Amino acid sequence: DSLRAREHALGAGRRACQSLGVQLLDETVAFARLRLGRDEEGRLKPLRTYTFEFSDTGRNRRRGAIVMLGAELSDLHFEPPAAH
């Protein structure tokens, strides 16, 4: 189940990066946290957080996070650009 959730997270990260025009670095996500969450029917499921790195310039590394509830995408975050 955790391997399937990781593969779903990686796919979600790839699609999100592609839609934003940024590059998913290292083509991987890293497991960061496990807790329990409830789905829409109130059933308990694993709530896993994965981190990843992406680049918007090809010369930098920024962080993002993907949260999976079971095998479903629950949330996705991209680190905002640095203020100049």
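Attention in this report is confined to the structure presented alongside it. Computed from a predicted model, the values in this text were never measured in an experiment. (Residues numbered from 1 in each chain as written. Predicted model: local features only at pLDDT ≥ 70, side-chain atom pairs only at ≥ 80, totals over all residues. Heavy atoms only, no water.)

## Overview of the packing of aromatic side chains
The description of an aromatic ring pair rests on the distance of the ring centres and on the angle between the ring planes. Within the structure shown, the criterion is met by four aromatic pairs. Aromatic side chains Phe52 and Phe78 sit 5.5 Å apart centroid to centroid with 80° between the ring planes, which places their arrangement in the edge-to-face category. With Phe52 in strand β3 (residues 44–55) and Phe78 in strand β5 (residues 72–78), this residue pair connects regions lying 26 residues apart in the sequence. With a relative accessible area of 3%, Phe52 lands in the buried category. In this structure an aromatic cluster arises from ring pairing among Phe52, Phe54 and Phe78. (Phe/Tyr/Trp six-rings, centres within 6.5 Å; stacked < 30°, edge-to-face > 60°. Helix = DSSP H or I, 4+ residues; strand = E, 2+ residues; numbered from the N terminus. Buried < 20%, exposed > 50% of the residue type's maximum accessible area, 1.4 Å probe, protein only.)

## Some thoughts on the nonpolar core
Ala5, Ala9, Leu10, Cys17, Val22, Leu24, Val29, Tyr50, Phe52, Phe54, Ile66 and Met68 together form the largest nonpolar core, which totals twelve residues. Those elements that provide at least two residues to this core are α1 (2–20), β3 and β4 (62–69). Beyond its immediate stretch of four places on either side in the chain, Phe52 contacts Cys17, Leu24, Thr28, Val29, Arg62, Arg63, Gly64, Ala65, Ile66, Leu76, His77 and Phe78. (Core = buried A, V, L, I, M, F, W, Y, C linked by side-chain atoms within 4.5 Å. Contact = heavy atoms within 4.5 Å.)

## Let's talk about the pattern of salt bridges
Going through the model one piece at a time under the given rule, you end up with eight salt bridges. One salt bridge connects Asp26 with Arg61, and the closest N-O pair in it is separated by 2.5 Å. Residue Asp26 is found in the loop between β1 (23–24) and β2 (30–38), and its partner Arg61 is found in the loop between β3 and β4; the two are separated by 35 residues along the sequence. Residue class for Arg61 comes out partly exposed when judged on its relative accessible area of 47%. Salt-bridge contacts for Arg62 lead to Asp56; the nearest nitrogen and oxygen are separated by 2.3 Å. The class of Arg62 is buried, set by a relative accessible area of 9%. Where salt bridges share partners, they join Asp39, Glu41, Arg43 and Lys45 into one cluster. (Salt bridge = Lys/Arg side-chain N within 4 Å of Asp/Glu carboxyl O.)

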